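# Chains, contacts and geometry: an overview
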Amino acid sequence: MKNAMETNSKIRWGGISQEMLKLIACITMLIDHIGAALVLPTDAIYHTDVQLYTTMAWINLVMRCIGRIAFPIFCFLLVEGVYHTRNPQKYLQRLAVGMLLSEIPFDLAFFPDGISWAHQSVMVTLLLGCILVLQMKRSKGFWKLLWIVPFYFAAEWLRTDYGGNGILLIALFALAKGTKHEKWWQLAAMFLLYWDFSWQMRHYNLDIKVPMNRLPLLAAVPILCYSGRKLTYSKKIQWAFYLFYPVHLALLWLIQKAIQG
């Protein structure tokens, strides 16, 4: 009872609910994936219609920039979920199911040759991050930091989306959890990882440079506005968020096939 009262005392009744934060992450991710899977200016378009090529390139750029917001929010929600779940094993199982259902749609949507072991979906990163946070919760002192090392290299070796840096962000969010001024420490973690002073040239012959490596910092706004509230404990809505990733990738692949004839 005491733990529940302590948790409730930290809830702010204004701001963004957990469901709204998940929705922001899903929508921005969907926009990013539509840009990556469907809005693809090709050499064939460039040689037949330069104006169309340039328009598609700009649309692709904007959509991919918007998509940078999603991953830090998913990492933040993962840590929140691990710390507040009543059943860590079931939480881990739901992530594992989402990961297994996602790999084939991920390959089909983003790799022209179909199934590929060269790159793994972000669900693998989140699953590794979940196991890491569970281990960190069980450990004290230096051991919390030591656990980060094998998971960082596992993500790099598996070539997951966001790789070792994704694991670092999850670990830093977890280290900040429960501290005084928790949100500000988590914001500091994001700046530590994403305040890259290099400007990345963005593709498709556009004469522009954009700070792609800094754009995930925009996720700090909804994260700082997060209230800690849950609007519903519906299992159906819970599973809907888990299944959104594989389902939307499968739909994008089907749309690709329909466009290609």
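So, here's what we can say about the structure. Here the structure is a predicted model, which means the values were calculated and not measured.

Further remarks concern empty space enclosed by the protein. Within the structure shown, the criterion is met by 1 cavity of 30 Å³ or more. Quantified by volume, the largest cavity comes out at close to 60 Å³. Contributing to the lining of the largest cavity are Glu19, Lys22, Lys230, Thr232, Tyr233, Ser234, Ile237, Gln238 and Phe241. Breaking the lining of the largest cavity down by element, the ones donating at least two residues are α2 (18-37) and α13 (235-260). Per-element accounting of the lining of the largest cavity gives the leading share, 3 residues, to α13.

With that settled, consider the side chain of Ser227. Examined against the element boundaries, Ser227 turns out to sit in the loop between α12 (220-224) and α13. A polar contact of 3.2 Å, which involves the side chain of Ser227, links it to the side chain of Arg229.

Under the definition given, this model contains 10 aromatic pairs. With centroids separated by 5.3 Å and ring planes inclined at 85°, the aromatic side chains of Tyr152 and Phe153 adopt a geometry described as edge-to-face. Owing to a relative accessible area of 23%, Tyr152 belongs among the partly exposed residues under this scheme. The exposure class assigned to Phe153 is exposed, which follows from its relative accessible area of 54%. The residue whose ring lies beneath Lys137 is Tyr83, and the NZ or CZ to ring-centre distance is 5.0 Å. Here the basic side chain of Arg214 rests over the ring of Trp195, its NZ or CZ set 4.7 Å away from the ring centre.

To continue, consider the pattern of salt bridges. Under the definition given, this model contains 4 salt bridges. Its salt-bridge partner being Arg64, residue Asp32 comes within 2.4 Å of it at the nearest N-O pair. Remark: Arg64 occurs in helix α4 (residues 50-67) and Asp32 occurs in helix α2; sequence separation between them is 32 residues. Using a relative accessible area of 5% as the deciding quantity, one classes Asp32 as buried. Taking the shortest distance from any N to any O, the salt bridge between Asp32 and Arg68 comes out at 2.7 Å. Pair noted here: Asp32 is in helix α2 and Arg68 is in the loop between α4 and α5 (70-84), with a separation of 36 residues, a long-range link. Connected through salt bridges with shared partners, the residues Asp32, Arg64 and Arg68 form a single ionic network.

Attention now moves to the layout of surface pockets. The probe, sized like a water molecule, is rolled over the atoms to show the empty space still left. Here the second largest pocket is characterised by a volume of approximately 600 Å³. Breaking the lining of the second largest pocket down by element, the ones donating at least two residues are α2, α4, α5, α6 (88-110) and α11 (182-194). The greatest single-element share of the lining of the second largest pocket, amounting to 4 residues, is contributed by α2. When grouped by side-chain class, the residues that make up the lining of the second largest pocket number 15 nonpolar, 6 polar and 5 charged.

The rules behind these values
- Residues numbered from 1 in each chain as written.
- Predicted model: local features only at pLDDT ≥ 70, side-chain atom pairs only at ≥ 80, totals over all residues.
- Heavy atoms only, no water.
- 1 Å grid on protein atoms, 1.4 Å probe; cavity = no way out; pocket = protein on both sides within 12 Å on 5 of 7 lines; lining within 4 Å.
- Points joined across faces, edges and corners; volume = space filled by probe spheres on them.
- Helix = DSSP H or I, 4+ residues; strand = E, 2+ residues; numbered from the N terminus.
- Polar contact = N/O pair within 3.5 Å; in protein donor to acceptor, adjacent residues only side chain to side chain.
- Phe/Tyr/Trp six-rings, centres within 6.5 Å; stacked < 30°, edge-to-face > 60°.
- Buried < 20%, exposed > 50% of the residue type's maximum accessible area, 1.4 Å probe, protein only.
- Lys NZ or Arg CZ within 6 Å of the ring centre and 35° of its normal.
- Salt bridge = Lys/Arg side-chain N within 4 Å of Asp/Glu carboxyl O.
- Nonpolar A, V, L, I, M, F, W, Y, C, P; charged D, E, K, R; others polar.

Structural measurements only, silent on function.
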